[in-house]
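# An overview of the molecular structure
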Amino acid sequence: MTTSTKKIISVSLKAAVLVMAGWYIYHQFYKKNNDLKQFEALTAQINSTHVLVTMGIVVLLMVVNWLLEAFKWRYLTKTLVNITLWEAVEAVFCGLTWAISTPNRVGEYGGRVMFLPNRKRIHGVFAMAVGAFGQIIMTNLLGLIAIVWLFYNYIPVSTWLFCLIILVSVLTMGILLIFFFNIKWIVNLLDRIGFLKKYHKFFEIMGRYKKRELLNVLGYSMARYVTFTIQYCFVFHLLIPQFAFFPMVMMLFVYFFVTSAVPSLDLLDVGVRSFTASHLFAFVTDQKIAVIAGVSSIWLINLIIPAILGSLFVFKLKFFDRTA
């Protein structure tokens, strides 16, 4: 392709991403989502200073959350190319813009790796997969512990079934941790698949991470998990001040576990999350509207605002970059 053709295609792709993201955001806010109006109605009865301080903290924690992800992304890509922290921030936010209009946020991979040199982009997908695996580990470990707690306290089952739940939870946690800290096994499994073996040079990046590096990745994932858990705690304490802390946190762990397993589209995800939260939190509180409103507000702050910010970086993408 000629240089002018590449430029036209590149600009067209960037414009398409922005138009698609903009349409979904407009559609969500003006056509479908009433939960944020419920949040506004609930907070109207609360001291305005308290609301502003709480939401200010939540927004600040959103920045911390994605900054931690940027640190993790920079750490994961250091075996491929040295990027600055700002480049990592741009990649993370741009990835969120791509993610909102794709199922299960798969667009986040494309948006993020486009900030890497052309020959490193496919490698970057597998490096990002290692980071995602680390986040899944944290969600599943704490989620399974919370599910055992949920059954013990709120869902009566026979003793043998409860023991089976504990056994399955422990085995799942063990298998996940073993595979994570021996991620080379996954590389070896992929090598055994005939048509994938020729792509070894791309996915072997996963086998480069040492156990100490994987532990650091898990540390970043844990820090992110704690950060957005605190966000929810602040919002729920604002809306439901009588909500006991421990049951709130345990139900949040269950909620994160369940929603991480449900396929969805980010812009439609608020409906899935609201439905899930309203049913799960019914075990520990009768404030259904407050729970839905709280979940929706966190969704707005953690995903939609960053996606809008990420649109500022879309035009910095280099689809036809030929650097090494």
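Anyway, here's the lowdown on the structure attached to this text. Small disclaimer: the values here were computed from a predicted structure and weren't measured. (Residues numbered from 1 in each chain as written. Predicted model: local features only at pLDDT ≥ 70, side-chain atom pairs only at ≥ 80, totals over all residues. Heavy atoms only, no water.)

### Points about the nonpolar core
The following threshold applies: Nonpolar cores are built from buried Ala, Val, Leu, Ile, Met, Phe, Trp, Tyr and Cys residues. Side-chain atoms within 4.5 Å join them into one set. When accessible area is computed with a 1.4 Å probe and restricted to protein chains, residues below 20% of their type maximum are described as buried, those above 50% as exposed, and intermediate ones as partly exposed. Secondary structure counts use DSSP, requiring at least four H or I residues in a row for a helix and at least two E residues in a row for a strand, with both numbered from the N terminus. Whether two residues are in contact is decided by their heavy atoms, any of which lying within 4.5 Å being enough.
Grouped together as the largest cluster of nonpolar side chains are 82 residues, with contacts concentrated most on Trp73, Phe236 and Phe281. Counting only elements with at least two residues in this core, the list comes to helix H3 (48-76), helix H4 (85-99), helix H6 (121-154), helix H7 (159-181), helix H11 (211-239), helix H12 (245-261), helix H13 (266-280) and helix H14 (288-310). Looking at this core, the element that brings in the most residues is H6, giving 13 residues. Excluding residues that lie within four positions of it along the chain, Phe236 makes contacts with Pro241, Phe243, Met248, Leu252, Phe281, Ala290, Val291, Gly294 and Val295.

### A short note on the environment of Leu238
Its place among the elements puts Leu238 in helix H11. Spatially, the C-alpha atom of Leu238 lies 9.1 Å from that of Gly294, the residues being 56 residues apart in sequence. Those residues in contact with Leu238 that sit more than four places away from it in its chain are Phe39, Thr43, Ile46, His50, Val51, Thr54 and Met55.

### Some remarks on H14
Cut-off, in case you're wondering: Expected span, for any helix, means 1.5 Å times one less than how many residues it has. Bend angle per residue: angle between axes fitted to the 7 residues ending at that residue and the 7 residues starting there.
Spanning 23 residues, H14 covers 32 Å between terminal C-alpha atoms, matching the ideal 33 Å at 1.5 Å per step. Roughly 35° is the biggest bend found in H14, and it falls at Leu300. Across the 23 residues that make up H14, a large majority, 17, are buried.

### Some remarks on the packing of H3 against H4
To be explicit about the condition: Orientation is described by axes fitted as lines to C-alpha atoms, over the contacting stretch for helices, and by angles from 0 to 180 degrees between their N-to-C directions. Orientation labels follow simple angle bins: below 35 degrees gives roughly parallel, above 145 gives roughly antiparallel, 65 to 115 gives roughly perpendicular, and whatever is left gives oblique. For any helix crossing, the convention is left-handed if the near helix is rotated counterclockwise from the far helix by under a right angle, and right-handed if that rotation is clockwise. Gly counts as polar in this scheme, as do all residues outside two lists: the nonpolar Ala, Val, Leu, Ile, Met, Phe, Trp, Tyr, Cys and Pro, and the charged Asp, Glu, Lys and Arg.
For the pair H3 and H4, the least separation of the axes is 8 Å and the interaxial angle reads 115°. With respect to each other, H3 and H4 are oriented roughly perpendicular. For the element pair H3 and H4, the recorded crossing hand is right-handed. Where H3 abuts H4, its residues Trp66, Leu67, Glu69, Ala70, Phe71, Trp73 and Arg74 lie against Leu85, Ala88, Val89, Ala91, Val92, Phe93 and Leu96. Per-class residue counts for the contact of H3 with H4 are 12 nonpolar, no polar and 2 charged.

### Notes on the side chain of Thr229
Relative to the elements of secondary structure, Thr229 occurs in helix H11. Filtering out sequence-adjacent residues up to four positions away, Thr229 remains in contact with Leu252, Phe253 and Phe256.

### Some thoughts on the packing of aromatic side chains
Filter applied, for reference: In this scheme Phe, Tyr and Trp rings, the latter by its six-membered ring, pair at centre separations within 6.5 Å, and the angle between planes marks the pair as stacked below 30 degrees, edge-to-face above 60, and tilted otherwise. The criterion is that NZ of a Lys, or CZ of an Arg, lies within 6 Å of the ring centre and within 35 degrees of the ring normal, and then a charge sits over that ring.
Here the structure, examined in full by the defined rule, presents 21 aromatic pairs. Each ring, one from Phe228 and one from Phe256, has its centre 5.2 Å from the other, and the planes form 85°; the classification is edge-to-face. Here Phe228, found in helix H11, pairs with Phe256, found in helix H12; they are 28 residues apart in sequence, far enough to count as distant. Note on accessibility: Phe228 and Phe256 belong to one class, buried. Taking the centre distance of 5.3 Å and the plane angle of 65° together, the rings of Tyr232 and Phe256 count as edge-to-face. Taken together, the residues span a long stretch of sequence, with Tyr232 in helix H11 and Phe256 in helix H12 at a distance of 24 residues. Exposure remark for Phe256: the relative accessible area of 8% places this residue in the buried category. Joined through ring pairs, the aromatic side chains of Tyr225, Phe228, Tyr232, Phe236, Phe243, Phe253, Tyr255, Phe256 and Phe281 make up one cluster. The ring of Trp73 is capped by Arg112, whose NZ or CZ atom sits 5.2 Å from the centre of that ring.

### Considering the side chain of Asp191
Heads up, the condition is: Between N or O atoms, a polar contact is any pair within 3.5 Å; within protein, one atom must be a potential hydrogen donor and the other a potential acceptor, and residues adjacent in sequence are included only when both atoms are from side chains.
Topologically, Asp191 is positioned in helix H8 (residues 184-191). In terms of polar contacts, Asp191 uses its side chain to reach the side chain of His200, at 2.9 Å. Not counting residues up to four positions away in its chain, the partners in contact with Asp191 are Lys197, His200 and Phe203.

### Comments concerning the packing of H3 against H6
Two numbers describe how H3 lies on H6: the axes approach to 9 Å, and their chain directions differ by 130°. The angle between H3 and H6 falls in the class oblique. The handedness of the crossing between H3 and H6 comes out as right-handed. Contact residues: H3 offers Glu69, Lys72, Trp73 and Leu76, while H6 offers Gly124, Ala127, Met128, Val130, Gly131 and Gln135. Counted by class, the contact of H3 with H6 contains 5 nonpolar, 3 polar and 2 charged residues.

In short, the description is geometric, and any link to function would need to be established separately.
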